[in-house]
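Below, each chain spelled out in residue letters.
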Amino acid sequence: MSRNCQNYDRQHDSVILHESNKGYVVFCRCCETFSIAYGTVAFNQLESNYLSLISLLDSYYSSYYNKVNPEQRCIHIETHFYGINLFISLQEIEEFRDILNQAYLLFEAQRIINQ
C-alpha cells in the first residue's frame, strides 16, 4: 500500500495488521499512525492513543460484563466532539478489543523482527 503521506512530501509505508468484514487496522511507518476502522467508524491514532483505546475498551468490558445483554447496544461512549456519542454492545466491545489486541501483537512482532 503506497500513497502520499499526511506529510505530503513522503510516501506511505503502510502495513495491514488486520482486515475483515468488521474493519481494519493499518499502520503507516511514515506517519507513525494507526488507521482504524470498525463498523461505520474510522479514525487515525498515534501508538499511545491506540493503547489508551485498548485500555478504555478493557475498562468498559470489565464494567459491563455480566451486567447487560451482550447483544444490546446500551453502552454509552462519549467522544471529544460536541453532540457525538457512540452506543455499542458488550459483544462489539469484545470484538473490537480483540481486533485491536491482535493487530497490536502483530505490530510488536514486526517491530522486533525489523530491529
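Residues numbered from 1 in each chain as written. Predicted model: local features only at pLDDT ≥ 70, side-chain atom pairs only at ≥ 80, totals over all residues. Heavy atoms only, no water.

Enquirer: Please explain the overall build of the protein chain as it appears in this structure.
Expert: A tally of helices and strands in the protein chain yields 2 helices and 6 strands. In the protein chain, the succession of helices and strands from N to C terminus is β-β-β-β-α-β-β-α. If you line up the protein chain on its principal axes, its C-alpha atoms span 45 × 35 × 25 Å. Put simply, 34% of the contacts in the protein chain that link residues at least 6 apart link residues at least 24 apart. Accessible area for the protein chain stands at about 7,800 Å²; split by element, carbon and sulfur atoms hold 49% of it. In the protein chain, which carries 8 positive and 13 negative side-chain charges, the distance between the mean positions of the two groups comes to 1 Å. (Helix = DSSP H or I, 4+ residues; strand = E, 2+ residues; numbered from the N terminus. Contact = heavy atoms within 4.5 Å. Areas by Shrake-Rupley, 256 points an atom, 1.4 Å probe, with all protein chains shown as cover. Lys, Arg positive; Asp, Glu negative; His and termini not counted. Charge placed at Lys NZ, Arg CZ, Asp CG, Glu CD.)

Enquirer: Whenever I open this one, the packing of helix α1 (residues 47–64) against helix α2 (residues 90–113) confuses me. Can you help?
Expert: Here α1 crosses α2 at 145°, and the two axes come no closer than 10 Å. Seen from above, α1 lies across α2 with left-handed handedness. On the side of α1, the interface is formed by Glu-47, Tyr-50, Leu-51, Leu-53, Ile-54, Leu-57, Asp-58, Tyr-60, Tyr-61 and Tyr-64, while α2 contributes Leu-90, Ile-93, Glu-94, Phe-96, Arg-97, Leu-100, Asn-101, Ala-103, Tyr-104, Phe-107, Glu-108 and Arg-111. Here the residues of the contact of α1 with α2 are counted per class, giving 15 nonpolar, 1 polar and 6 charged. (Axes fitted to C-alpha atoms, helices over the stretch in contact; angles between N-to-C directions. Left-handed = near helix turned anticlockwise from the far one by under 90°. Nonpolar A, V, L, I, M, F, W, Y, C, P; charged D, E, K, R; others polar.)

Enquirer: Can you walk me through the sheet that holds strand β1 (residues 14–19) in this structure?
Expert: Adjacent strands of a sheet form backbone hydrogen bonds with each other and so pair up, either parallel or antiparallel. Read from one edge of the open sheet, 4 strands run β1-β2-β3-β4, paired in antiparallel fashion. With one partner strand each, in any of the chains shown, β1 and β4 (41–46) form the two edges of the open sheet. Along the sheet, successive strands turn relative to each other by an average axial angle of 15°, direction set aside. Inspection of the sheet shows β1 paired to strand β2 (residues 23–28) by 5 bridges, in the antiparallel sense. By the bridge assignment, Ser-14 is partnered in β2 with Cys-28. Sheet contacts for α1: β2, β3 (33–38) and β4; angle to β4, the most-contacted strand, approximately 125°. (Pairing = 2+ DSSP bridges.)

Enquirer: Any chance you could explain unusual backbone geometry here in plain terms?
Expert: Working note: non-glycine residues mostly have negative phi, and peptide bonds are mostly trans. Here Glu-32, not a glycine, exhibits a phi torsion of approximately 55°, which is positive. Here Glu-32 lies in the loop between β2 and β3. Glu-32 sits in the exposed class, given a relative accessible area of 54%. Positive phi is not limited to glycine here, since Asn-66 has a value of about 65°. (Buried < 20%, exposed > 50% of the residue type's maximum accessible area, 1.4 Å probe, protein only.)

Enquirer: Just to check I follow, could you spell out α2 for this structure?
Expert: Two residues of an α-helix separated by three or four positions point the same way, owing to the 3.6 residues in each turn. Taking 1.5 Å as the rise per residue, α2 with 24 residues should run 34 Å; its terminal C-alpha atoms sit 35 Å apart, in good agreement. Within the sequence span of α2, burial applies to Leu-90, Glu-92, Ile-93, Phe-96, Arg-97, Ile-99, Leu-100, Ala-103, Tyr-104 and Phe-107. (Expected span 1.5 Å × (residues − 1).)

Enquirer: I keep staring at the side chain of Ser-89 and nothing clicks. Help me out?
Expert: You can see Ser-89 is positioned in the loop between β6 (85–88) and α2. Accessibility expressed as a relative area gives 2% for Ser-89, which makes it buried. Not counting the four nearest positions on each side in its chain, Ser-89 is found in contact with Pro-70, Glu-71, Gln-72, Arg-73 and Ile-75.

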